Amino acid sequence: MTSRQSITAAIIARDAAHDLPDCLGSVSWCDETLVVVDDRTTDDTAQIAREHDARVIVRQFEDWASQRNSALSLCSTNWTLFVDADERVPNTLAEEIRFLLEHNRPEDGFWIPRINLICGRWVRHGGWYPDYQLRLMRRERTRYDPERPVHEVVLFDGESRHLTQPLVHYNYRSISEIFTKQAAYAPYDAARLKEQGQVRPRSLLGGPVREFCRRYIRLGGAFDGPIGILLAVMLAAYELRVRLLALAEPS
């Protein structure tokens, strides 16, 4: 048993005034809170963060991986807990994390299960739960892959373990929000697909069909009812959109 190790809650935010107060409240037990605000923000995100005693950095947006790497470099504590503005850390998860920090665990990172609320429904199949995310990490052992600017991937040097208590994600609130976020992500995914040489005209049909079958059948999206088939269709459509954009990019 050792003295408790310190932790920073790091939040990447853009136009998050609606979500940020509850998010910040759920991480108030951390030793410090850092909010990296996208410079394209048009609402009171930065002001709200300061009112909740968070350290605020307004940073020019390059991509999501760069924002997270910047946050890591700004943290001063042993551990970093990444939480998005539309996520909440329930008391049960906070207690599990505090227990780990009070006991000198050998692991350097922890995968946290995440449960998603989508269009007002808790979605438990189709790959949406437990939806493990590597969010709790020793700062000096971690960085984000610059080759994955969206849907970020942690380059992690160390041992990891899975936690049991979930992070709550207030995900897409409407169909239009799904389309909006897909429009933001698609160019990045298309560029990565193009660089990897993984897009061919014959994959335009096969890729979306495989994604639908994976989500709806293999991962059990059918058990979620109408929202399950809607999400499977929309993710298949996203796969098609990405492949069309990749094909349209000049070689």
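Only a predicted model underlies this, so the values are computations on that prediction, with no experimental measurement involved.

A.B. asks: Please provide a residue-by-residue account of the pairing of strand β3 (residues 55–59), values included.
C.D. replies: By the bridge criterion, five bridges tie strand β2 (residues 32–38) to β3 in an arrangement that is parallel. Looking at β3, one finds that Leu34 is bridged to Arg55. Read as a crossover between parallel neighbours, the route from β2 over helix α2 (residues 45–51) to β3 is right-handed.

A.B. asks: Can you lay out helix α4 (residues 91–102) for me, pointing to particular residues and giving the numbers?
C.D. replies: Helix length check: α4, at twelve residues, gives a terminal C-alpha distance of 16 Å against a target of 16 Å (1.5 Å per residue), a fit within 8%. By the burial criterion, the buried members of α4 are Leu93, Ala94, Glu96, Ile97, Leu100 and Leu101. The buried side chains of α4 occupy one side of the element, clustering within an arc of 160° when seen end-on. In this structure, the buried residues of α4 make contact with β1 (7–13), β4 (79–82), β6 (109–112), β9 (133–138), β12 (160–162) and β13 (167–170).

A.B. asks: I'd like a description of unusual backbone geometry, backed by residues and values.
C.D. replies: The phi angle of most residues is negative, glycine excepted, and most peptide bonds adopt the trans form. Across the junction of Tyr129 and Pro130, the peptide omega takes the value 10°, indicating a cis bond. As for its position among the elements, Pro130 is in the loop between β8 (121–123) and β9. A positive phi is found at Asp15, a non-glycine position, where the angle reads about 45°. In this fold, Asp15 is placed in the loop between β1 and α1 (20–26). Notably, Asp131 is not glycine yet its phi reads approximately 50°, a positive angle. Its relative accessible area of 18% is what places Asp131 among the buried residues.

Thresholds, definitions, all that
Residues numbered from 1 in each chain as written. Predicted model: local features only at pLDDT ≥ 70, side-chain atom pairs only at ≥ 80, totals over all residues. Heavy atoms only, no water. Pairing = 2+ DSSP bridges. Helix = DSSP H or I, 4+ residues; strand = E, 2+ residues; numbered from the N terminus. Right-handed = clockwise from strand over helix to strand, strands pointing away. Expected span 1.5 Å × (residues − 1). Buried < 20%, exposed > 50% of the residue type's maximum accessible area, 1.4 Å probe, protein only. Arc of directions from axis to C-beta. Contact = heavy atoms within 4.5 Å.

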